[in-house]
Amino acid sequence: MISNEKTFLDNETWRYFWHPVCTVKELEESDTGRGQLLRVKLLSTDIVVARLENGVVALNNRCPHRSAQLHLGWNKGNCIQCPYHGWMWGEGGKCMGIPAAPDGPIPPNAKATAYDCQEKYGLVWVRLDGSADTEIPGHIVYDDPTFKCVHGPSYDWKTHSARRVENYTDLAHFPFVHPETLGRDGHVTFLTPDIAFRKEGRMRFRYDPPKDARQAMDARGGMSPLAFTDYTINLPFGVTLDLTLQNGNRTVMWMWATPLDNIHCRSFWFACRNSDHDGPDQPHMDMQAVILEEDVDIVESQDPEQIPHPRDEIAVGPDKVSLTYRRLLYELCKAKADGPEAIKTWLNNERDNI
Ligand code: FES
Ligand SMILES: [Fe+2]
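Residues numbered from 1 in each chain as written. Chains lettered and ligands numbered in written order. Predicted model: local features only at pLDDT ≥ 70, side-chain atom pairs only at ≥ 80, totals over all residues. Heavy atoms only, no water.

- Looking at an unreviewed UniProt entry, one finds the protein chain named Rieske domain-containing protein, with Paracoccus halophilus as its source organism.

If you want it as structure tokens, here you go:
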């Protein structure tokens, strides 16, 4: 067995990026009479997310007074009130009041740790370190009224986020893991496309499935996932699949694998379609649930959970996508070693045929 410590990636790098930590719906449903307060985890950091008067906030889930967990407290509108002695923590972690010392003064170091927090695409995003000035990746159709976007339920897998992204962009496993849904015996799919690197850390390639594989799928009826697909990996852990179906309709699948810690990730996803807006959403989501069920055991069986040093796994040509993705993650981690500015520069360095 290969130790998890031997990954060649620096997991501190992901702190500079925005990651979704919950859906807006999950935050809304967290109100059990104490207001919207939700405990989430990102990169082993315990966080409480709340919707306050001016928007969503994310604080470290530890009260600086006597270390109680803030998610057990109350959302008071302009602050989170600690469940233990009622200290009140507002935007930016500012101490808004101490019930036991109403006349003050508030100690100058009474400040909760606050993280950057934003709402976008029906998700709450958190960034632990803002010094590389990264942005939440754009989405190609979310604001396009000809598309209807529907969120699926988020799900946790015991694997590193990078393994999850590799699985999502891997076509060679279709006939083995998904013989009834995405693939078929005798139609092994190889993916050796030209890959480009675009601004804001986008790794991009297109896939035109071979006709015979496509026909084999179509012959079985239903939705053929072997459609022409434009893939974008938003480094480090986002993927967009822009599928053009045989009838010309488009479906855009979006997924982000948020690192809960180094060996667990939570995937958030939504699907956008430019047809059948009035039809039920569930049939469009059901296929995904079946596919995930087929993938999870195999991906969780990968040992170690983290991507190891290149010498500890073997690759062939058609592993090009995963090899390139690993190389880019490695380059990103190397840039991080030179500081936040270097991350910014690296993300905007465009390249063809990488
Ligand atoms: S521990 Fe939070 S107010 Fe005392
Ligand atoms: Fe799969």
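## Structural notes on the nonpolar core
- Of all hydrophobic cores here, the largest spans 82 residues; its most connected members are I47, V124, V126 and Y325.
- A total of 7 residues in this core trace back to one element, the largest contributor, which is helix α6 (residues 320-337).
- When near neighbours in sequence (up to four residues on either side) are disregarded, I47 contacts L38, R39, V40, L42, A58, L59, N61, Y115, V126 and L128.
- Membership of the second largest hydrophobic core comes to 17 residues, among which are V48, L52, C82 and W89. (Core = buried A, V, L, I, M, F, W, Y, C linked by side-chain atoms within 4.5 Å. Buried < 20%, exposed > 50% of the residue type's maximum accessible area, 1.4 Å probe, protein only. Helix = DSSP H or I, 4+ residues; strand = E, 2+ residues; numbered from the N terminus. Contact = heavy atoms within 4.5 Å.)

## Structural notes on the state of the cysteines
- A complete count under the given rule lists 1 disulfide for this structure.
- In this model C149 forms its disulfide with C272; the gap between the sulfur atoms is 2.1 Å. Its torsion about the S-S bond being 105°, the disulfide of C149 and C272 is classed as right-handed. Of the two residues, C149 is situated in strand β11 (residues 148-151) and C272 in strand β18 (residues 265-273); the sequence distance between them amounts to 123 residues.
- For C272, a relative accessible area of 0% gives the class buried. (Disulfide = S-S within 2.5 Å.)

## Structural notes on the coordination of the iron ion (ligand 2)
- H173 (NE2), H178 (NE2), D295 (OD) and D295 (OD) make up the full set of protein donors to the iron ion (ligand 2), lying at 2.0 to 2.3 Å.
- Metal-centred angles of 59 to 157° between the 4 donor atoms at the iron ion (ligand 2) mark the site as irregular.
- The sequence pattern describing where the donors of the iron ion (ligand 2) fall on their chain is H-x4-H-x116-D. With H178 in the loop between α3 (174-177) and β13 (196-198) and D295 in helix α5 (residues 282-301), this pair connects stretches of sequence that are 117 residues apart.
- The exposure class assigned to D295 is buried, which follows from its relative accessible area of 4%. (Donors = N, O, S within 2.8 Å, 3.2 Å for Na, K, Ca; no water. Tetrahedral: all angles 85-135°; square planar, octahedral: opposite > 155°, others 65-115°.)

## Description of the sheet that holds strand β8 (residues 95-97)
- One open sheet accounts for 4 strands, arranged β5-β6-β7-β8; its pairing is antiparallel. Each edge of the sheet is formed by a strand with only one pairing partner; in this case those strands are β5 (74-75) and β8.
- Taken together, the 2 bridges between β5 and strand β6 (residues 80-81) define a ladder with antiparallel strand orientation. By the bridge assignment, N75 is partnered in β6 with I80. (Pairing = 2+ DSSP bridges.)

## Things to note about unusual backbone geometry
- Cis rather than trans, the peptide bond between G104 and P105 has omega equal to -5°.
- Position of P105 relative to the elements: it lies in the loop between β8 and β9 (114-120).
- One non-glycine residue with positive phi stands out, namely S44, at about 65°.
- Mapped onto the elements of the fold, S44 is located in the loop between β2 (37-42) and β3 (45-52).

## A closer look at helix α2 (residues 161-168)
- With 8 of 8 residues buried, α2 is to be regarded as a mostly interior element.
- For α2, every residue scored as buried is listed here: S161, A162, R163, R164, V165, E166, N167 and Y168.

## With respect to the UniProt feature "domain: Rieske" (unreviewed entry) in the protein chain
- UniProt records the feature "domain: Rieske" (unreviewed entry) for residues 24-126 in the present numbering.
- Counting secondary structure, residues 24-126 comes out at 5% helix and 39% strand; the distance between its end C-alpha atoms is 13 Å. (UniProt positions renumbered as here; feature names shortened; annotations may be inferred.)

## Re the domain arrangement of the protein chain
- Each domain of the protein chain was delimited in the assignment, giving domain 1 (34-127) and domain 2 (148-347).
- Measuring from the centre of the C-alpha atoms in domain 1 to the corresponding centre in domain 2 gives 35 Å.
- The partner domain 2 presents 9 residues to the 8 residues of domain 1 that form the contact.
- The junction of domain 1 with domain 2 conceals about 740 Å² of combined surface from both sides, 68% of it contributed by carbon and sulfur atoms.
- Applying the counting criterion to the domain 1 and domain 2 interface returns 1 salt bridge.
- Its salt-bridge partner being D261, residue K41 comes within 3.5 Å of it at the nearest N-O pair.
- Inspection of the domain 1/domain 2 interface yields 5 residue pairs in polar contact (both at pLDDT 80 or more).
- At the level of secondary structure, the elements contributing two or more residues to the side of domain 1 that touches domain 2 comprise β2 and β10 (123-127).
- Of the residues in the side of domain 1 that touches domain 2, the class split is 5 nonpolar, 2 polar and 1 charged. (Domains from an automatic or database assignment. Buried area = accessible area lost by both parts, 1.4 Å probe. Salt bridge = Lys/Arg side-chain N within 4 Å of Asp/Glu carboxyl O. Polar contact = N/O pair within 3.5 Å; in protein donor to acceptor, adjacent residues only side chain to side chain. Nonpolar A, V, L, I, M, F, W, Y, C, P; charged D, E, K, R; others polar.)

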